[in-house]
Amino acid sequence: MMEPMLKIENVSTGYNKKPVLQDVSLEVNEGEIVALIGPNGAGKSTVLKAVSGLLPLWKGKIYWLGNSINGNSPAKNIGLGLTFCPQGSRVFDRMTVGENLEVGGFRLSRVELMKREEIVLELFPALKTRLREDAGNLSGGERQMLAIARAMVPPTQLLLLDEPSLGLAPNLLGDVFGKLTEINRELGLAMLVVEQKVKDVMTICHRVVGLKLGRVELESSPEVLRGDGALLKNLFL
Ligand SMILES: Nc1ncnc2c1ncn2[C@@H]1O[C@H](COP(=O)(O)OP(=O)(O)O)[C@@H](O)[C@H]1O
Ligand SMILES: [Mg+2]
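Described in the following lines is the structure provided in the data block. Each chain has its residues counted from 1, running along the sequence as written. As a convention, the first chain written is A and the first ligand written is 1, with the rest following in written order. Only residues with pLDDT of at least 70 are given local features in this predicted model, and only at 80 or more are side-chain atom pairs given and counted; all residues enter the totals for whole chains, interfaces and linings.

Right, let's get into the pairing of strand β2 (residues 18–28). Successive residues of a regular strand alternate their side chains across the two faces of the sheet. Bridge count for strand β1 (residues 6–15) against β2 is seven bridges, and the pairing is antiparallel. Note that in β2 the partner of Leu6 across the bridge is Val28. DSSP calls a pair of strands paired once it identifies at least 2 bridges connecting them. Under the DSSP-based scheme used, a helix requires at least four consecutive residues in state H or I and a strand at least two consecutive residues in state E, with every element numbered from the N terminus. The hairpin turn running from β1 into β2, its antiparallel successor, is two residues long, and Asn16 in that turn takes a positive phi close to 50 degrees.

Laid out in structure tokens, this is it:
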């Protein structure tokens, strides 16, 4: 059996003294898209913050490619190929599309940055024609694409995505999820995707993990979940 790329083992953490995650364990295997779903406030974003290094753990371990990354800074984790696209497609409006991409590659050498930008723009051709435009001029869907593209400028092996569909019109939602599928297929890039749009994310993911009140409540294939409505209903109850 192949070792998982990312292994979260019995992690508990929270904010100040407030506990949020309780004994959370989950794994992401090579090439896999794992959807992390659950009600508002369940702790989904907190899981991504803990993995990326933004939030220290109270208990448990996180392993990346077999090594503990407990206590790593976010920058160090990016350097290890673990990159994060936070909630709300926060791009810098008053910087150009090109400058936004450069921010994503701030740790790279000039040569490496150019190389990575080329690879990423190949995947996002719509951004290529708008490199010199202010990101503030982009539509909602384009901003989300830019946010994802930016997270992929550093050589990434696992993309952590927090609600990539947030605020998008239903017709654009398909574009973003379609792009994630394309990236997963073409590059074999693994993803841990937090989503509220459960039905939609189930069409692109290989596995679903459900979080409720800071605990892992369900783990299933999308096929099984689709066949058993009670499972999802119980998660969101
Ligand atoms: N920066 C913070 N400081 C204090 N509490 C927070 C902070 N961020 C989130 N929380 C709390 O942690 C819990 C889980 O939040 P979050 O991980 O954002 O949930 P989800 O992403 O599943 O909606 C919520 O009760 C939320 O209010
Ligand atoms: Mg959230």
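Turning to the site of ligand 1, a few remarks are in order. The environment of ligand 1 is formed by Tyr15, Lys18, Val20, Gly38, Asn40, Gly41, Ala42, Gly43, Lys44, Ser45 and Thr46. Broken down by element, the shell around ligand 1 gets its largest block of residues, three residues, from helix α1 (residues 44–52). Polar here means any residue outside two lists: the nonpolar Ala, Val, Leu, Ile, Met, Phe, Trp, Tyr, Cys and Pro, and the charged Asp, Glu, Lys and Arg; Gly therefore counts as polar. Tallied by class, residues from the shell around ligand 1 come to three nonpolar, six polar and two charged. Nearness rests on one distance test: the residue's C-beta atom, set from the backbone, must lie within 6 Å of the molecule or strand.

Given a rise of 1.5 Å per residue, 18 residues ought to cover 26 Å, and the 26 Å separating the end C-alpha atoms of helix α7 (residues 170–187) matches this to within 8%. Those residues of α7 lying buried are Val176, Phe177, Lys179, Leu180 and Ile183. The buried residues of α7 occupy one face: seen down the axis, they fall within an arc of 150 degrees. Counted as exposed and oriented over 90 degrees from the buried face of α7: Pro170, Asn171, Gly178, Glu182, Arg185 and Glu186. A pair of residues counts as a contact when their C-beta atoms, built from backbone coordinates, are within 7 Å of each other. For α7, the elements touching its buried residues are α4 (110–123), α6 (140–151), β8 (190–194) and α8 (198–201). Two residues or fewer past α7, Gly188 is found with a positive phi of approximately 65 degrees. Given a helix with a known number of residues, its expected span is that number minus one, times 1.5 Å. Exposure criterion: with C-beta atoms placed from backbone coordinates, a residue whose C-beta has 20 or more other C-beta atoms within 10 Å is buried, one with 12 or fewer is exposed, and one in between is partly exposed. As used here, the arc belongs to the directions running from the helix axis to the C-beta atoms.

Here the focus is the sheet that holds β8. In space, the six strands of this open sheet follow the order β6-β7-β8-β3-β9-β10, with mixed pairing throughout. For this open sheet the edge positions go to β6 (82–85) and β10 (215–220), each flanked by a neighbour on one side alone. Averaged over all neighbouring strand pairs, the angle between strand axes comes to 20 degrees, with direction disregarded. Sheet topology note: the β6/strand β7 (residues 158–162) ladder contains four bridges and is parallel. Across the sheet, Thr83 pairs through a bridge with Leu159, a residue of β7. For helices, the fitted line uses only the C-alpha atoms of the stretch in contact; every axis is such a line through C-alpha atoms, and the angle between N-to-C directions lies from 0 to 180 degrees. Of the strands in this sheet, β9 (207–212) and β10 are in contact with helix α10 (residues 229–236), which crosses β10 at around 165 degrees.

Another aspect to go through is the nonpolar core. Ala35, Leu36, Leu146, Leu158, Leu160, Met191 and Val193 are the most contacted members of the largest nonpolar core, which totals 61 residues. Excluding its chain neighbours within four sequence positions, the residues that come into contact with Met191 are Ile33, Leu158, Leu159, Leu161, Leu180 and Asn184. For this entry, the nonpolar core is defined as buried Ala, Val, Leu, Ile, Met, Phe, Trp, Tyr and Cys residues connected by C-beta atoms within 7 Å.

Take Glu118: it is sitting in helix α4. For Glu118, a count of 10 C-beta atoms within 10 Å translates into the label exposed. Between the C-alpha atoms of Glu118 and Val51, which are 67 residues apart in sequence, the distance is 28 Å.

Moving on, we get to the sheet that holds β2. With antiparallel pairing, the four strands of this open sheet are ordered in space as β2-β1-β4-β5. Edge strands, defined here as strands with exactly one partner in the open sheet, are β2 and β5 (67–68). As paired elements, β1 and strand β4 (residues 59–64) share five bridges and run antiparallel to each other. Paired with Ser12 across the bridge in β4 is Lys59.

We now examine unusual backbone geometry. Of note in this structure, Asp23 is not a glycine but carries a positive phi near 60 degrees. Counting through the fold element by element, Asp23 comes out in strand β2. The exposure class assigned to Asp23 is partly exposed, which follows from the 13 C-beta atoms found within 10 Å.

Our focus in this paragraph is the packing of α6 against α7. At their nearest, the axes of α6 and α7 sit 10 Å apart, and the two run at 20 degrees to each other. For the element pair α6 / α7, the angle class is roughly parallel. Between α6 and α7 lies a crossing whose hand is right-handed. Listed contacts from α7 to Gly140, Gly141, Gln144 and Met145 of α6 are Leu172, Asp175, Val176 and Lys179. When its residues are assigned to classes, the contact of α6 with α7 shows three nonpolar, three polar and two charged. Should an angle lie under 35 degrees it is considered roughly parallel, over 145 roughly antiparallel, and from 65 to 115 roughly perpendicular; all remaining angles are considered oblique. Helix crossings get a hand from a simple test, with the near helix turned counterclockwise from the far one by less than a right angle marking a left-handed crossing and a clockwise turn marking a right-handed one.

All we've got here are geometric facts, nothing functional implied.
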